[in-house]
Amino acid sequence: MAIVIQISHDVGAEELHRVRDVLNHAQTYDPNWNGAVFELERDDFTCIPGREDADAVQLLNRIQRAIDGR
C-alpha cells in the first residue's frame, strides 16, 4: 500500500524535485521507510495524512526542509 504525501500547490517544480530526492533517500537508506512506496498528491497544504507517528513526523520535517531549501 502506498503512503500518500500531500504537497501544497504552492510548492514549485524545483522544490518538488528536492522532495522526491528526500523520499528516494528514505526508501533506500532509512530502515523505517525501506521499500516504502510513496505517492505524491497536490493539495492545499503539505502533510502525510493519517500518520502521526514519530517516523512520519521526522520524514515530514525532512520534506519541509527540502521545500525550504535547507
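See the structure above.
Criteria and thresholds
- Residues numbered from 1 in each chain as written.
- Predicted model: local features only at pLDDT ≥ 70, side-chain atom pairs only at ≥ 80, totals over all residues.
- Heavy atoms only, no water.
- Buried < 20%, exposed > 50% of the residue type's maximum accessible area, 1.4 Å probe, protein only.
- Helix = DSSP H or I, 4+ residues; strand = E, 2+ residues; numbered from the N terminus.
- Pairing = 2+ DSSP bridges.
- Right-handed = clockwise from strand over helix to strand, strands pointing away.
- Expected span 1.5 Å × (residues − 1).
- Contact = heavy atoms within 4.5 Å.
- Salt bridge = Lys/Arg side-chain N within 4 Å of Asp/Glu carboxyl O.
- Polar contact = N/O pair within 3.5 Å; in protein donor to acceptor, adjacent residues only side chain to side chain.

### Remarks on the pairing of strand β1 (residues 3-8)
Within β1, five of the six residues are buried, leaving the element largely enclosed by the surrounding structure. Pairing between β1 and strand β2 (residues 38-43): six bridges, direction parallel. Looking across to β2, one finds that I5 is bridged to L40. Once you follow β1 into helix α1 (residues 13-29) and on to β2, the crossover reads as right-handed.

### Describing α1
At 3.6 residues per turn, the α-helix brings residues three or four places apart onto the same side. Given a rise of 1.5 Å per residue, 17 residues ought to cover 24 Å, and the 24 Å separating the end C-alpha atoms of α1 matches this to within 8%. In this structure, the buried residues of α1 make contact with β1, β2 and α2 (54-68).

### So, the pattern of salt bridges
The final tally for this structure, using the stated rule, is four salt bridges. The partner of D53 in a salt bridge is R51, and the shortest N-O contact between them spans 2.8 Å. You can call D53 partly exposed: its relative accessible area is 26%. Exposure remark for R51: the relative accessible area of 31% places this residue in the partly exposed category. As a salt-bridge pair, R70 and D68 come within 3.0 Å of each other at their nearest N and O atoms.

### Quick word on the environment of V37
Mapping V37 onto the fold places it in the loop between α1 and β2. A relative accessible area of 49% places V37 in the partly exposed class. What V37 contacts, discounting residues up to four positions off in sequence, is M1, A2, I3 and Q27.

### Digging into the side chain of D30
Along the chain, D30 falls in the loop between α1 and β2. A polar contact of 2.9 Å, which involves the side chain of D30, links it to the side chain of R62. Look past the residues within four positions of D30 in its chain and what remains in contact with it is H25 and R62.

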